[in-house]
Amino acid sequence: MTDYSTCMITQYPTPVLMGKAKPIEDINNDIRQLAERMINIMVETKGIGLAGPQAGVSLRIFVVSIDGTKENARVYINPTIEPEGKVVANEEGCLSLPRIYGKIKRYSKCTVTATDLDGNEFTEAGEGLLARAFQHEHDHLEGRMIKDRLGYAAKLRSKRLLEELEAKYEGNPK
Ligand code: NI
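Residues numbered from 1 in each chain as written. Predicted model: local features only at pLDDT ≥ 70, side-chain atom pairs only at ≥ 80, totals over all residues. Heavy atoms only, no water.

Draft legend 1. Up close: the overall build of the chain. When you go through the chain residue by residue, the secondary structure sums to 3 helices and 5 strands. Secondary structure elements of the chain occur, N-terminal to C-terminal, as α-β-β-β-β-β-α-α. A globule of 174 residues ought to have a C-alpha radius of gyration of about 16 Å, and the chain, at 16 Å, matches this closely. Counting every position in the chain, which comprises 174 residues, the buried fraction comes to 45%. Within the chain, contacts between residues at least 6 apart in sequence are counted, and of these 66% link residues at least 24 apart. On the chain, roughly 9300 Å² of surface is accessible, and the fraction owed to carbon and sulfur atoms is 50%. Treating the 24 positive side-chain charges of the chain as one cloud and the 25 negative ones as another, the clouds have centres 8 Å apart. (Helix = DSSP H or I, 4+ residues; strand = E, 2+ residues; numbered from the N terminus. Rg over C-alpha atoms; globule rule 2.2 N^0.38 Å. Buried < 20%, exposed > 50% of the residue type's maximum accessible area, 1.4 Å probe, protein only. Contact = heavy atoms within 4.5 Å. Areas by Shrake-Rupley, 256 points an atom, 1.4 Å probe, with all protein chains shown as cover. Lys, Arg positive; Asp, Glu negative; His and termini not counted. Charge placed at Lys NZ, Arg CZ, Asp CG, Glu CD.)

Draft legend 2. Structural context of the pattern of salt bridges. Taken as a whole and assessed by the stated rule, the structure comprises 13 salt bridges. For the salt bridge of Glu-163 with Lys-159, the shortest nitrogen-to-oxygen distance reads 3.0 Å. Of this pair, Glu-163 and Lys-159 both sit in helix H3 (residues 152–171), 4 residues apart, which is roughly one turn of that helix. Taking the relative accessible area as the measure of exposure, Glu-163 reaches 39% and is therefore partly exposed. (Salt bridge = Lys/Arg side-chain N within 4 Å of Asp/Glu carboxyl O.)

Draft legend 3. Representation of the coordination of the nickel ion. Coordination sphere of the nickel ion, protein contribution only: Cys-94 (SG), His-136 (NE2) and His-140 (NE2), at 2.0 to 2.2 Å. Read in sequence order, the donor residues coordinating the nickel ion give the pattern C-x41-H-x3-H. Here His-136 and its partner His-140 are both found in helix H2 (residues 129–141), 4 residues apart, which amounts to about one turn of the helix. Here His-136 falls in the buried class, since its relative accessible area comes to 8%. (Donors = N, O, S within 2.8 Å, 3.2 Å for Na, K, Ca; no water.)

Draft legend 4. Structural view of the environment of Gly-119. Tracing the backbone shows Gly-119 in the loop between strand E4 (102–115) and strand E5 (121–127). Distance from Gly-119 to Ile-77, taken between C-alpha atoms, is 8.9 Å for residues 42 residues apart in sequence.

Draft legend 5. Here's a closer look at the pairing of E4. Bridge analysis of strand E3 (residues 74–92) against E4 gives 12 bridges, and the strand direction is antiparallel. Note on E4: the bridge partner recorded for Glu-91 is Lys-103. Alignment of E4 against E5, held across 7 bridges, turns out to be antiparallel. Bridge pairing links Cys-110 to Gly-126 in E5. (Pairing = 2+ DSSP bridges.)

Draft legend 6. Representation of helix H1 (residues 29–44) in the model. In this model H1 runs 22 Å from its N-terminal to its C-terminal C-alpha over 16 residues, within 8% of the 22 Å that 1.5 Å per residue would give. All of the buried residues in H1 are Asp-30, Ile-31, Leu-34, Ala-35, Arg-37, Met-38, Ile-39, Ile-41 and Met-42. If you follow the buried residues of H1, they end up packed against strand E1 (49–51), strand E2 (61–64) and E3. For H1, the capping residue at the N-terminal end is Asn-28, with a side-chain oxygen 3.1 Å from the backbone nitrogen of Asp-30. (Expected span 1.5 Å × (residues − 1). Polar contact = N/O pair within 3.5 Å; in protein donor to acceptor, adjacent residues only side chain to side chain.)

Draft legend 7. Looking closely at the sheet that holds E4. The 5 strands lie next to each other as E1-E2-E3-E4-E5, forming an open sheet whose pairing is antiparallel. Each edge of the sheet is formed by a strand with only one pairing partner; in this case those strands are E1 and E5. On average, each strand axis in the sheet is inclined to that of its neighbour by 30°, with strand direction left out of account. Alignment of E2 against E3, held across 4 bridges, turns out to be antiparallel. Considered in E3, the bridge of Phe-62 is made with Tyr-76. Those strands touched by H1 are E1, E2 and E3, and its axis lies near 40° from that of E2. (Axes fitted to C-alpha atoms, helices over the stretch in contact; angles between N-to-C directions.)

From the geometry alone we can't say anything about function, so treat these as descriptive.
So this is what it looks like as structure tokens:
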């Protein structure tokens, strides 16, 4: 039994954010508690999505709520993504990379296949902001963050902010 009830948001450069998350093999009460905690973190921090590594847990799970409400939050376990449509650049931020923003290229549509908390597989198609959220959160499960997808100019602009986060982390190791 793992207690996920006190998970906290992780920020760059916490190592769990840079690794590939592991598949969830058993959807048990621990996982249901983790999902609940992740939804609460997302709502409290005014995000529209949160992935397992952002709660410090290297498991393939993310939650998304496009209007930021708890009522509309949905849980995606072991998700796979099928991108569609054209590539569009739009502004993104990330709860794990405070103050870093930039235009990120994403597919305009995608389909997610995942398992829910009852163990049922489902498929959901998204476009626009929802498709963007799916791709952003799925990236987290692969250890990728927006800092890795920024264009050249935005990368230069974010350099100092990343260094500040690194210094803060080294000075205050968890
Ligand atoms: Ni993020």
